[in-house]
Amino acid sequence: MATASFDTARRDASAVPAIEKRPDFEPQAETPAMPLGCSSLVGLTREQLKARLGAIGVSEREQRMRSGQIWHWLNVRGAKAFDDMTNVGKGLKAQLAQAYTLDRPEVITEQVSRDGTRKWLMRMAPTGKHDHNRGAEIECVYIPGRGRGTLCVSSQVGCTLTCSFCHTGTQRLVRNLTAAEITAQLVVARDHLNDWAGQNPTAPGEDEIRRKVTNIVFMGMGEPLYNLDNVVDAVGVMADQEGLGLSRRRITVSTSGVVPQMQRLGDEAHAMLAISLHAVRDDLRDTLVPLNRKYPLAELLAACRAYPGLNNARRITFEYVMLKGINDTDADARELVRLLKGIPAKINLIPFNPWPGSAYECSDWERIERFSEIVYEAGYASPVRTPRGRDILAACGQLKSETEKLRARARMMLEDGIGAEGVYAGADDGDED
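A brief structural summary. (Residues numbered from 1 in each chain as written. Predicted model: local features only at pLDDT ≥ 70, side-chain atom pairs only at ≥ 80, totals over all residues. Heavy atoms only, no water.)

Turning our eyes to something else, we now look at the environment of alanine 81. You can see alanine 81 is positioned in the loop between helix 2 (60–75) and helix 3 (90–99). Along the backbone, alanine 81 and leucine 102 are 21 residues apart, and their C-alpha atoms lie at a distance of 6.4 Å. (Helix = DSSP H or I, 4+ residues; strand = E, 2+ residues; numbered from the N terminus.)

Attention shifts here to the pattern of salt bridges. Inspection of every chain in the model, using the stated rule, returns 20 salt bridges. Taking the shortest distance from any N to any O, the salt bridge between arginine 123 and glutamate 106 comes out at 3.9 Å. Note that arginine 123 is positioned in strand 2 (residues 118–123) and glutamate 106 in strand 1 (residues 106–112), a separation of 17 residues in sequence. Residue class for glutamate 106 comes out partly exposed when judged on its relative accessible area of 44%. Between aspartate 330 and arginine 367 there is a salt bridge; the shortest N-O distance is 2.8 Å. With aspartate 330 in helix 9 (residues 330–339) and arginine 367 in helix 10 (residues 365–377), this residue pair connects regions lying 37 residues apart in the sequence. When its relative accessible area of 22% is taken as the criterion, aspartate 330 is described as partly exposed. Shared partners join several salt bridges into a network, and the residues in it are Asp330, Arg367, Arg370 and Glu373. (Salt bridge = Lys/Arg side-chain N within 4 Å of Asp/Glu carboxyl O. Buried < 20%, exposed > 50% of the residue type's maximum accessible area, 1.4 Å probe, protein only.)

So, on to helix 2. For helix 2, built from 16 residues, the straight-helix expectation of 22 Å at 1.5 Å per residue is met to within 8% by its first-to-last C-alpha distance of 22 Å. Along helix 2, the positions that sit buried rather than exposed are Gln63, Ser67, Gln69, Ile70, Trp71, Trp73, Leu74 and Asn75. Looking at the buried positions of helix 2, the neighbouring elements they touch are helix 1 (46–55), helix 3, helix 4 (179–193) and helix 5 (228–238). (Expected span 1.5 Å × (residues − 1). Contact = heavy atoms within 4.5 Å.)

For the structure on display, the rule yields two aromatic pairs. Residues phenylalanine 352 and tyrosine 360 carry aromatic rings whose centres are separated by 6.3 Å and whose planes lie at 80° to one another, so their mutual orientation is edge-to-face. As far as burial versus exposure is concerned, phenylalanine 352 and tyrosine 360 are alike and both buried. Above the face of the tryptophan 196 ring, arginine 190 is positioned so that its terminal group lies 5.7 Å from the ring centre. (Phe/Tyr/Trp six-rings, centres within 6.5 Å; stacked < 30°, edge-to-face > 60°. Lys NZ or Arg CZ within 6 Å of the ring centre and 35° of its normal.)

Working definition: the strands of a sheet are paired by backbone hydrogen bonds and lie parallel or antiparallel to each other. Strand order in this open sheet of nine strands is 1-2-3-4-7-8-9-10-11, and the pairing throughout is mixed. Two strands bound the open sheet, and with one partner strand each, they are strand 1 and strand 11 (345–351). Taking each pair of neighbouring strands and ignoring which way they run, the sheet shows an average axis angle of 20°. Relative to strand 8 (residues 251–255), strand 7 (residues 215–218) is paired through three bridges, and the arrangement is parallel. Residue pairing for strand 8: isoleucine 216 is matched across the bridge by isoleucine 251. (Pairing = 2+ DSSP bridges. Axes fitted to C-alpha atoms, helices over the stretch in contact; angles between N-to-C directions.)

Here we take up the nonpolar core. Within the largest apolar cluster, 111 residues are counted, with the highest numbers of intra-cluster contacts made by Leu151, Ile216, Phe218 and Phe318. The element that contributes the greatest number of residues to this core is helix 4, accounting for nine residues. Excluding its chain neighbours within four sequence positions, the residues that come into contact with phenylalanine 318 are Ile275, Leu277, Leu301, Cys304, Leu340, Ile343, Ala345, Lys346, Ile347 and Asn348. (Core = buried A, V, L, I, M, F, W, Y, C linked by side-chain atoms within 4.5 Å.)

Here valine 187 is to be found in helix 4. Sequence-wise, valine 187 and valine 42 are 145 residues apart; in three dimensions their C-alpha atoms are separated by 8.0 Å. Among all residues touching valine 187, those that are not within four sequence positions of it are Val42, Arg104 and Trp196.

So, about the packing of helix 1 against helix 2. Between helix 1 and helix 2, the shortest axis-to-axis distance is 9 Å and the interhelical angle comes to 115°. For the pair helix 1 and helix 2, the crossing hand works out as right-handed. Residues Arg46, Leu49, Lys50, Leu53 and Gly54 of helix 1 touch helix 2, and the partners they reach there are Gln63, Arg64, Arg66, Ser67, Ile70 and Trp71. For the contact of helix 1 with helix 2, the residue count by class is four nonpolar, three polar and four charged. (Left-handed = near helix turned anticlockwise from the far one by under 90°. Nonpolar A, V, L, I, M, F, W, Y, C, P; charged D, E, K, R; others polar.)

Honestly, it's all geometry; don't read function into it.
This is the structure we're talking about:
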């Protein structure tokens, strides 16, 4: 499977401008049988891990057993050094240490919100001049909740799309993240939350049941379905029950509506689906989510109805950002109910998170409650998503954009470990909340 190809189905930027952005760089697919110098083994698929062993001379007969041992140390125990792998022979550990590392993405900053939300700015290993020779940066957010902990991961450096209400969408698109880079975000979270086997205190008889990270949402930077090969592989690693061990029913992939890839996502990833809907009329959605010009509402909703495994226990989540005077009327709510008729669905109403320069405002709370009431009375769950992490710019649509806009002085402060309050006080423009 290719590791970093961009989907080009029906993409014609000249015919439909301002829908998508082209990447700064399209990395070549990696040849799995070849070692990549001192590349990290963290986040690899089982097949890639076996290939790494083969590349340093481990016989094909031994690869399955040895890769299984190393897989356990990486994805169950969270090993950070080859010497920690007590059931792996000294000779093999020496070979591994010479050829590979167990490096994670570098955490540049960790910020903790008043509500317990954590945001990590992570720097990936350099992959060439397109990363400015120091590694591309992404953000990842952990949201604790009652009985669950949700990790919001990024799938691209920047974003392919140009949604007008989303601050993240104002960035350029640098490149896709590899499957290992996506999975490594979960590894970093478990490191920082002490969420590995043997680190998580539980009641007697409940060993390793209470995980701090229980859910994954692909709702960070990027459009996951324009990086589908890597997203499918990452979901597979995260959901491996002899490894990171998350349930596929607790992994949700969000898309703005890349219709041609939705069937494959369901067939291969078996993940839960979320749709960034935000409008009930094509003319308005063309502005809010310009991808709608390629895949309009009728086409998108038909693909939703055909999504593999769809039933009342595996509902599609429709995300709807509440924009004052734009998409929040009673008529909009009733049309939303009509459009979704027959689709097992939950509707997440998202208060808009303002950002400097945005043309939109958040709907009044009374208006959001009335909208929710109409949807609920029609038989749909319609929770209003509580904004989390606004004080650390970790809320929906805010990821990475503010970090990119820091002045050079503030960026140096950030790199020198000065706290978030000092950094954002020196930013060109800060959070308006």
